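A structural walkthrough
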Amino acid sequence: MPEPDSAQGRHGSAPRRLKPAPLLFEPAAAASDEAHFFDLESIEDPRELLSRSTELVLAFRAATDRAMEFQAMAAAQLADPRRFDRLTPAVIAERAEWTEDYAKKMVEFGRELMRSGELPD
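Looking at an unreviewed UniProt entry, one finds the protein chain named Phasin protein, with Streptomyces mordarskii as its source organism.

This is the structure we're talking about:
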């Protein structure tokens, strides 16, 4: 699992915002076919295949970074000492399938995001 600061740009700058490629949703029948993946298997031109698959990789990376920011904010909110029902890092770790140390880092990362106003859209 990546470190919480992987959503940030180089040298701790503001988080990078990649423009994701459109993730076209597939019909349920196509999605159930394990060989079918965003219609990549039907692209015969290797230049086009490289271009589209690269777009998808960048889109999934951007989605991963944004989802991780939301995870961090949720962890920080759940650990907020002002909440009567706050959770410990151990409980957060169990729910998110993280280690306790990673949960602590994510709580701090979420607090930093909320303090800085760099909230995901």
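There is more to say, and it comes next.
1. Concerning the pattern of salt bridges
Enumeration according to the criterion identifies five salt bridges in this entry. Residues Asp-45 and Arg-47 are paired through a salt bridge, measuring 3.8 Å at the closest nitrogen-oxygen approach. Here Arg-82 makes a salt bridge to Asp-80, at a shortest N to O gap of 2.7 Å. Exposure remark for Arg-82: the relative accessible area of 75% places this residue in the exposed category. For Asp-80, a relative accessible area of 16% corresponds to the buried category.

2. Concerning the packing of aromatic side chains
Counting across every chain of the model gives four aromatic pairs. Each ring, one from Phe-37 and one from Phe-60, has its centre 6.3 Å from the other, and the planes form 35 degrees; the classification is tilted. On the criterion of sequence distance, the pair formed by Phe-37 in the loop between helix 1 (28–31) and helix 2 (46–78) and Phe-60 in helix 2 is long-range, its members being 23 residues apart. For Phe-60, a relative accessible area of 33% gives the class partly exposed. Here Phe-38 and Phe-60 contribute two aromatic rings whose centre-to-centre distance is 5.8 Å and whose plane-to-plane angle is 70 degrees, an arrangement assigned as edge-to-face. Remark: Phe-60 occurs in helix 2 and Phe-38 occurs in the loop between helix 1 and helix 2; sequence separation between them is 22 residues. Take Phe-38: its relative accessible area is 19%, and that puts it in the buried class.

3. Topic: the nonpolar core
The biggest cluster of nonpolar side chains holds 15 residues, and the ones touching the most others in it are Ile-92, Trp-98 and Met-106. Secondary structure elements with two or more residues in this core: helix 2, helix 3 (89–96) and helix 4 (100–116). Broken down by element, this core gets its largest block of residues, six residues, from helix 4.

4. What to know about unusual backbone geometry
Positive phi outside glycine occurs at Phe-38, with the angle close to 50 degrees. Look at Asp-39: it is not a glycine, yet its phi comes out positive at around 65 degrees. Structurally, Asp-39 can be placed in the loop between helix 1 and helix 2. Overall, Asp-39 belongs to the partly exposed group, its relative accessible area being 40%.

5. Considering helix 4
The end-to-end C-alpha separation of helix 4 is 24 Å, in line with the 24 Å expected for 17 residues at 1.5 Å each. For helix 4, every residue scored as buried is listed here: Tyr-102, Ala-103, Met-106, Val-107, Phe-109, Gly-110 and Leu-113. Down the axis of helix 4, the smallest arc covering the buried residues is 165 degrees, so these residues share one side. Turned more than 90 degrees away from the buried face of helix 4, the exposed residues are Asp-101 and Arg-115. One or two positions beyond helix 4, positive phi appears at Gly-117, with a value near 80 degrees.

Calculation criteria
- Residues numbered from 1 in each chain as written.
- Predicted model: local features only at pLDDT ≥ 70, side-chain atom pairs only at ≥ 80, totals over all residues.
- Heavy atoms only, no water.
- Salt bridge = Lys/Arg side-chain N within 4 Å of Asp/Glu carboxyl O.
- Buried < 20%, exposed > 50% of the residue type's maximum accessible area, 1.4 Å probe, protein only.
- Phe/Tyr/Trp six-rings, centres within 6.5 Å; stacked < 30°, edge-to-face > 60°.
- Helix = DSSP H or I, 4+ residues; strand = E, 2+ residues; numbered from the N terminus.
- Core = buried A, V, L, I, M, F, W, Y, C linked by side-chain atoms within 4.5 Å.
- Expected span 1.5 Å × (residues − 1).
- Arc of directions from axis to C-beta.

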